[in-house]
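Structural overview
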Amino acid sequence: MNQKTRAIGMILCSAFCFALMNLFVRLSGDLPSIQKSFFRNIVAFFFALCVLIRQREGVHYRRSDLPLLLIRSAFGTVGILGNFYAVDHLILSDASMLNKLSPFFAIIFSFLFLRERAKPFQVAALATAFAGALCIIKPSFQLSEFFPSLVGMLGGMGAGAAYTAVRALGGRGVKGSLIVLFFSGFSSICVLPWLLFDFHPMQLWQLLCLLGAGFAAAGGQFSITAAYSLAPAKEISVYDYSQVIFSAILGFFVFGQAPDALSFLGYFIICGASVGMFLWGRRQET
């Protein structure tokens, strides 16, 4: 098995893990998104700490890397809270697809923070993806339906900004396990005050669901890190959209959820834009 095949396998594994994470979050019931995010992150924190200890690497970082680590962590926290809120109020596949707008937001943030100018094709793909997002969001005056979609899109924006910071950190040689550790610890500390003042008692099955979400998230983060260490993003990134397929299958069989025609159209448009950008990126490299 060559490295590219292994990388595709790892990114598919990551997509399934993140779909499983969303499933566990939804199964945990009527708990605040902040409480759910705390348990998801605290598990990932100790998972990353165990990896660093096993690799015999201390928690060391350069002071010059701290601003980027804080940006990654702050926007990543916004991304998780937005995604979890969307998962609780939308069907799983819609919430997953809105979160998958993150690569398109990354184009915007790469221009703003890294001074990377977007090419005309990327701008066209960006506009197309947002048109697809409107099919999923379905703007209306009914806030009960519109607001969760808007929050889910905000989560995708936070994730896009966070991934831009991750790319900058990777270029500086910062280890992925350290980034995961810093982000998980930062996010857990940020939501801790709200958790202490508004803690909702949980039954054992809810706690197990949230721990399951944490382990699934850790598996997804480390799988996607391994995938991108085996092959460049331009060759495998498009496979990450399989998470929407996994989410749709899990949502249908566990909750009986089925996307409507407009949502399917939105999936098709966003995936088409991402495939087009993927193929365009490969041509640019040849």
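In case you missed it, the structure is sitting above this.
From a predicted model like this one, the values you see are computed outputs, not experimental measurements.

A count of helical and extended segments in the protein gives 12 helices and zero strands. Relative to the 2.2 N^0.38 estimate, which gives 19 Å for 286 residues, the radius of gyration of the protein is 18 Å and therefore close to what a compact globule would have. For the protein, the spread of C-alpha atoms along the three principal axes comes to 55 × 50 × 40 Å. Scored against the burial criterion, the 286 residues of the protein give a buried share of 49%. For the protein, restricting intrachain contacts to residue pairs at least 6 apart in sequence, the fraction spanning at least 24 positions comes to 90%. Surface accessibility of the protein: about 14200 Å² in total, with carbon and sulfur atoms responsible for 69%. Of the side chains in the protein, 21 bear a positive and 12 a negative charge, and the two mean positions are spaced by 11 Å.

Turning to the side chain of Ser-28, a few remarks are in order. Topologically, Ser-28 is positioned in the loop between α1 (3–27) and α2 (33–54). Side chain to side chain, Ser-28 and Lys-36 meet in a polar contact 3.4 Å long.

Relative to the elements of secondary structure, Gln-243 occurs in helix α11 (residues 242–255). Under the relative-accessibility criterion, Gln-243 is labelled buried at 4%. Residue contacts for Gln-243: discarding those within four places in its chain leaves Ala-15, Phe-18, Ala-19, Asn-22, Ser-96 and Lys-100.

Per the stated rule, a full pass over the model turns up four salt bridges. The shortest N-O distance in the salt bridge between Asp-88 and Lys-36 comes to 2.6 Å. With Asp-88 in helix α3 (residues 66–89) and Lys-36 in helix α2, this residue pair connects regions lying 52 residues apart in the sequence. The pair Asp-88 / Lys-36 is uniform in exposure class, with both members buried. Salt-bridge contacts for Asp-65 lead to Arg-62; the nearest nitrogen and oxygen are separated by 3.2 Å. Exposure remark for Asp-65: the relative accessible area of 1% places this residue in the buried category. Ionic contacts of the salt-bridge type, sharing partners, join the residues Arg-62, Asp-65 and Arg-172 into one network.

Once that is clear, we can look at a nonpolar patch on the surface. Together, Ile-245, Ile-249, Phe-252, Phe-253, Val-254 and Phe-255 make up a nonpolar patch on the protein surface, roughly 600 Å² of accessible area in all. Relative to the assigned elements, Ile-249 resides in helix α11.

Put simply, helix α5 (residues 102–113) and helix α6 (residues 120–137) touch, their axes get as near as 10 Å, and they point 135 degrees apart. The orientation of α5 with respect to α6, classified from their angle, is oblique. Both α5 and α6 take part in a crossing whose hand is left-handed. Across from Phe-104, Phe-105, Ile-107 and Ile-108 in α5, the residues of α6 making contact are Gln-122, Ala-125, Leu-126, Ala-129 and Phe-130. Grouping the constituent residues of the contact of α5 with α6 by class yields eight nonpolar, one polar and no charged.

Time to look at the environment of Phe-39. Residue placement: Phe-39 occurs in helix α2. Its relative accessible area of 14% is what places Phe-39 among the buried residues. When the C-alpha positions of Phe-39 and Ser-188 are compared, they lie 8.0 Å apart, and in sequence the two are 149 residues distant. Setting aside residues no more than four positions away along its own chain, Phe-39 makes contact with Met-202, Leu-207, Leu-210 and Gly-214.

Turning to helix α8 (residues 176–197), a few remarks are in order. Compared with the 32 Å implied by 1.5 Å per residue over 22 residues, the 33 Å span of α8 between its first and last C-alpha is a close match. Approximately 40 degrees is the largest bend angle found in α8, and it occurs at Val-191, with the proline Pro-193 only one to four residues beyond.

Conventions used here
Residues numbered from 1 in each chain as written. Predicted model: local features only at pLDDT ≥ 70, side-chain atom pairs only at ≥ 80, totals over all residues. Heavy atoms only, no water. Helix = DSSP H or I, 4+ residues; strand = E, 2+ residues; numbered from the N terminus. Rg over C-alpha atoms; globule rule 2.2 N^0.38 Å. Buried < 20%, exposed > 50% of the residue type's maximum accessible area, 1.4 Å probe, protein only. Contact = heavy atoms within 4.5 Å. Areas by Shrake-Rupley, 256 points an atom, 1.4 Å probe, with all protein chains shown as cover. Lys, Arg positive; Asp, Glu negative; His and termini not counted. Charge placed at Lys NZ, Arg CZ, Asp CG, Glu CD. Polar contact = N/O pair within 3.5 Å; in protein donor to acceptor, adjacent residues only side chain to side chain. Salt bridge = Lys/Arg side-chain N within 4 Å of Asp/Glu carboxyl O. Patch = residues over 30% accessible without salt bridge, like charges linked within 9 Å, V, L, I, M, F, W, Y side chains within 5 Å. Axes fitted to C-alpha atoms, helices over the stretch in contact; angles between N-to-C directions. Parallel < 35°, antiparallel > 145°, perpendicular 65-115°, else oblique. Left-handed = near helix turned anticlockwise from the far one by under 90°. Nonpolar A, V, L, I, M, F, W, Y, C, P; charged D, E, K, R; others polar. Expected span 1.5 Å × (residues − 1). Bend = angle between axes of the 7 residues up to and from the residue.

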